[in-house]
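Residue-level structural notes
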Amino acid sequence: MKAIKFIIKTINTLIVSAALVLAVLLVGVRLFGMQLYAVLSGSMEPEYPVGSMIYVKEADPMELQAGDVITYRLTGDTISTHRIVEVLPDEDNPSAVCFRTKGDANDAEDAGVVHSSELVGTPVAVIPQLGYFASYIQSESGKRTALVVGGALILFVFVTDSFTNDKKKKAPKKDEPEI
């Protein structure tokens, strides 16, 4: 019986630990000023494989140079991550710059330039495959699945914990009055 209790407690600890790690990877990093993006195309392979999650931190556009990788807004909600090929002065605003970019796996440079106002930041970390999971969790069916699975895991942990806790009733000592 002790072996079964040990196994159940170990499983509970692993479930709670995995949930905490996943929460930190998907939400907690925002506390450190990072934004998360799933890699949806192969333009930056092999450094950023399709399906990866990249962690992007704000950057000063004036400190960036050719060879740095940047994440920027293309239009509306469309975000891209490419390498800077050339830093160009902004002809209309001397305190701003523009970037000519290119995906590492692309043959040609990108058609337009990226204005520093479109800069989101620079990638500081990448976790392969996590982008697929994060993209799924953000969909409607993914949200429902996460709620059901999360609820089932919480229920599992509480139910198994109640079975594995030894709650023996302590017998009163001979000279102590019973309450």
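Here, every reference points to the structure presented above.
Residues numbered from 1 in each chain as written. Predicted model: local features only at pLDDT ≥ 70, side-chain atom pairs only at ≥ 80, totals over all residues. Heavy atoms only, no water.

Turning to the side chain of His 82, a few remarks are in order. As for its position among the elements, His 82 is in strand E4 (residues 78-89). At a separation of 2.9 Å, a polar atom in the side chain of His 82 contacts the side chain of Ser 43. If we ignore the near neighbours within four places in the chain, the residues touching His 82 are Ser 43, Met 44, Asp 68, Val 69, Ile 70, Tyr 72, Thr 101, Lys 102, Gly 103, Asn 106 and Asp 110. (Helix = DSSP H or I, 4+ residues; strand = E, 2+ residues; numbered from the N terminus. Polar contact = N/O pair within 3.5 Å; in protein donor to acceptor, adjacent residues only side chain to side chain. Contact = heavy atoms within 4.5 Å.)

If you want to describe how two helices pack, look at the angle between their axes and the distance between the axes. Between helix H1 (residues 2-26) and helix H2 (residues 130-138), the shortest axis-to-axis distance is 12 Å and the interhelical angle comes to 85°. Relative to H2, the element H1 lies roughly perpendicular. Across the interface between the two elements, Leu 22, Leu 25 and Leu 26 of H1 pack against Leu 130, Phe 133 and Ala 134 of H2. (Axes fitted to C-alpha atoms, helices over the stretch in contact; angles between N-to-C directions. Parallel < 35°, antiparallel > 145°, perpendicular 65-115°, else oblique.)

Attention now goes to the pattern of salt bridges. The full count for this structure, using the stated rule, is 5 salt bridges. A salt bridge links Glu 47 to Arg 83, with the shortest nitrogen-to-oxygen separation between them at 2.6 Å. Of this pair, Glu 47 sits in the loop between strand E1 (34-38) and strand E2 (53-57) while Arg 83 sits in strand E4, placing them 36 residues apart in sequence. Relative accessible area serves as the criterion here: at 38%, Glu 47 is assigned to the partly exposed category. Taking relative accessible area as the criterion, Arg 83 reaches 22% and is therefore assigned partly exposed. One salt-bridge network, in which partners are shared between bridges, spans Glu 47, Arg 83 and Asp 104. (Salt bridge = Lys/Arg side-chain N within 4 Å of Asp/Glu carboxyl O. Buried < 20%, exposed > 50% of the residue type's maximum accessible area, 1.4 Å probe, protein only.)

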